[in-house]
Amino acid sequence: MTWKIASDLSDEEIAHNNLYNELDDAIANAVEDLEPPHVIHVGIDYFIGLAYKLAPDAEEADMLIDSTIERAKNQYRGKN
């Protein structure tokens, strides 16, 4: 039996949070054997490749990649 605990979060928000948690776990495991810059490189490369595979066309993938990078730079720049 699967239990569903009441939450104010939507199923999409829960899935989003679970994805981040699973990525955090994968990264934590990877940095045990790989240098952090290598892990970052692999992650960025993987998700850029995924954007091109899943987007309807290269133009849309370019837009998704560029807008995501710009948003992330603005959000995280200067935060330590």
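Our subject is the structure listed above.
Counting restarts for each chain: residues are numbered from 1 in the order of the written sequence. The predicted origin of the model limits local features to residues at a pLDDT of at least 70 and limits the giving and counting of side-chain atom pairs to 80 or more, whereas totals for whole chains, interfaces and linings rest on all residues. Remark: hydrogens and water are excluded; side-chain values derive from all non-hydrogen atoms of the structure.

> Describe a negative patch on the surface, naming the residues involved and giving the relevant values.
Residues with no salt bridge and a relative accessible area higher than 30% make up the patches, which join like charges within 9 Å and nonpolar side chains (Val, Leu, Ile, Met, Phe, Trp, Tyr) within 5 Å. Using the Shrake-Rupley algorithm and a 1.4 Å probe, accessible areas are obtained, with residue cover drawn only from the displayed protein chains. Salt bridges are counted wherever a side-chain nitrogen of Lys or Arg sits within 4 Å of a carboxyl oxygen of Asp or Glu. Residues scored as charged are limited to Lys and Arg (positive) and Asp and Glu (negative), so that His and the chain ends carry no count. To locate a charge, take atom NZ for lysine, CZ for arginine, CG for aspartate or CD for glutamate. A contiguous patch of negative charge on the surface is contributed by Asp57, Glu59, Glu60, Asp62, Asp66 and Glu70. Under the DSSP-based scheme used, a helix requires at least four consecutive residues in state H or I and a strand at least two consecutive residues in state E, with every element numbered from the N terminus. Within the fold, aspartate 66 resides in helix α3 (residues 58-76).

> Please provide a residue-by-residue account of the layout of surface pockets, values included.
Only protein atoms enter the 1 Å grid used here, on which a cavity is any set of points holding a 1.4 Å probe that cannot leave and a pocket is any open set flanked by protein within 12 Å on both sides along at least five of seven lines; residues with an atom within 4 Å of a point are listed as lining. Grid points are joined across faces, edges and corners, and a volume is the space filled by probe spheres set on the points. If you add up the space inside the largest pocket, you get close to 1200 Å³. If you go around the largest pocket, you meet 26 residues; those closest to its centre are Tyr20, Leu23, Gly43, Ile44 and Phe47. With nine residues, helix α2 (residues 36-54) is the single largest residue contributor to the lining of the largest pocket. Residue polarity follows a fixed list, in which Ala, Val, Leu, Ile, Met, Phe, Trp, Tyr, Cys and Pro are nonpolar, Asp, Glu, Lys and Arg are charged, and the others, Gly among them, are polar. For the lining of the largest pocket, the residue count by class is 20 nonpolar, three polar and three charged.

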